[in-house]
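# Secondary and tertiary structure notes
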Amino acid sequence: MAARVITITSGKGGVGKTTLAANLGVALARQGQRVVVVDADVGLRNLDVMLGLENRIVYDLVDVIEKRCRLRQALVRDRRLSELFLLPAAQTRDKSAVRPDDMVSVCENLREQHDFILIDSPAGIEQGFRYAIAPADEIIIVTNPEIAAVRDADRVIGLIEAEEQGPAQLIVNRVKPDMIRRGEMLGIAAVVELLAIDLIGVVPEDEAILIATNQGRPIALSSDSSMTGRAFHNIARRLRGEEVPFLTLREQGVLEWLFRFMRSGGD
Ligand code: ADP
Ligand code: MG
């Protein structure tokens, strides 16, 4: 079966796209899927570092596009998960080295051998965004529960609709339950209502993510006992079509009103 190409994008930088690409890649691979994560942030690569694979890079995306190597030679296999591969970004080039057609043909060549291709998009809505969404069958929009991030996400959703790309689904990352309860952050329900796309995941703010990032060991690799690790695995399961309740946050005893909202608005 040919892979599904899913682009992870946001508009605003720093909201957690690369963190999500790394952890969803790991979670899907741990669930037995054959996954390639593509670092499309040419010039500013960091997906390799988050995955702890930076020392294994020989060739990169631009080498493939400019035919200095075959696609297979540029793929870096994760030593912990044999079904997880990284296609690294070039660090020494700028985004003009990649055109939308290039990404489409690279993904076409990856589709046969894999189940999921996750593209980690650069920030912004310029060239990098355009080539990152070009091959996408589906798009994941990442936002944080704060007004600047939501505004940028809204703009990106408009662009995706104008390009007739999608469907787009939403992940709200870095949710601090306490702050929401005190009314200091936009509530999840408010964000979902504002952006009017389907919610596929809520990821809590967790300092373990920063530590994991520095160690090149995505949190989704370790046991599923942590709330955040579970959140990533649940998103991966939802991507695969399973109905997974938003258990993690309910278990934490917060955001009960999210479920009230979903029940009142849902079927
Ligand atoms: P982007 O790719 O959108 O620019 P990153 O994935 O690089 O964003 O994340 C930006 C920073 O935020 C990183 O230092 C990362 O460790 C941190 N971060 C991302 N998600 C979380 C989270 N849920 N909890 C805590 N820190 C996070
Ligand atoms: Mg990034």
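The written sequence of each chain sets the order in which its residues are numbered from 1. Numbering of ligands from 1 and lettering of chains from A proceed in the order in which they are written. Local features in a predicted model are, by the rule used here, given only for residues with pLDDT of at least 70; side-chain atom pairs are given and counted only at 80 or more, and totals for whole chains, interfaces and linings are based on all residues. Where side-chain values are given, they derive from all heavy atoms of the structure, hydrogens and water being excluded.

Throughout, a disulfide means two cysteine sulfur atoms within 2.5 Å of one another. The final tally for this structure, using the stated rule, is zero disulfides. Here Cys69 is not cross-linked by a disulfide; its sulfur's nearest cysteine counterpart is in Cys107, at 15 Å. Of the residues examined, Cys69 reaches a relative accessible area of 9% and is grouped as buried. Cys107 gets classed as buried once you look at its relative accessible area, which sits at 1%. Burial classes follow relative accessibility: with a 1.4 Å probe on protein chains only, a residue under 20% of its type's maximum area counts as buried, one over 50% as exposed, and anything between as partly exposed.

Below, the discussion takes up the sheet that holds strand S4 (residues 84-87). Pairing between strands is defined by DSSP: at least two bridges between the two strands are required. Only DSSP runs of H or I with at least four residues qualify as helices, and only runs of E with at least two residues qualify as strands; both kinds are numbered from the N terminus onward. Read from one edge of the open sheet, eight strands run S3-S4-S2-S5-S1-S6-S7-S8, paired in mixed fashion. The sheet is open, and its two borders are formed by strand S3 (76-77) and strand S8 (198-204), each paired with just one other strand. Across four bridges, strand S1 (residues 4-9) lies against strand S6 (residues 138-143) in parallel orientation. In the strand pairing of S6, Thr7 is matched with Ile139. Residue contacts follow a heavy-atom distance rule, with two residues in contact if any of their heavy atoms lie within 4.5 Å. Between N-to-C directions, angles cover 0 to 180 degrees, with each direction set by a line fitted to C-alpha atoms, over the stretch in contact for helices. Contacting S1, strand S5 (116-120), S6, strand S7 (168-175) and S8, helix H11 (residues 227-239) crosses the sheet at an angle of about 165° to S8.

The subject of this paragraph is the pairing of S8. Counting buried residues along S8, six of its seven residues qualify, which places the element largely inside the surrounding structure. Bridge count for S7 against S8 is six bridges, and the pairing is parallel. What sits directly across from Leu170, in S8, is Leu199.

Helices that pack against each other are described as a pair by the angle of their axes relative to one another and the distance between those axes. It is at 9 Å that the axes of helix H1 (residues 17-30) and H11 come closest, and there the two elements cross at 70°. Taken together, the axes of H1 and H11 lie roughly perpendicular to each other. Pair H1 / H11 crosses with right-handed handedness. Contacts between H1 and H11 involve Thr19, Leu20, Asn23, Leu24, Ala27, Leu28 and Arg30 from the first element and Phe232, His233, Ile235, Ala236 and Leu239 from the second. For the contact of H1 with H11, the residue count by class is eight nonpolar, three polar and one charged. Geometric relationships in this document are graded by angle, where less than 35 degrees denotes roughly parallel, more than 145 denotes roughly antiparallel, 65 to 115 denotes roughly perpendicular, and other angles denote oblique. Handedness of each helix crossing follows the sense of rotation of the near helix against the far helix: counterclockwise by less than a right angle gives left-handed, clockwise gives right-handed. Amino acid classes used here: Ala, Val, Leu, Ile, Met, Phe, Trp, Tyr, Cys and Pro are nonpolar; Asp, Glu, Lys and Arg are charged; the rest, including Gly, are polar.

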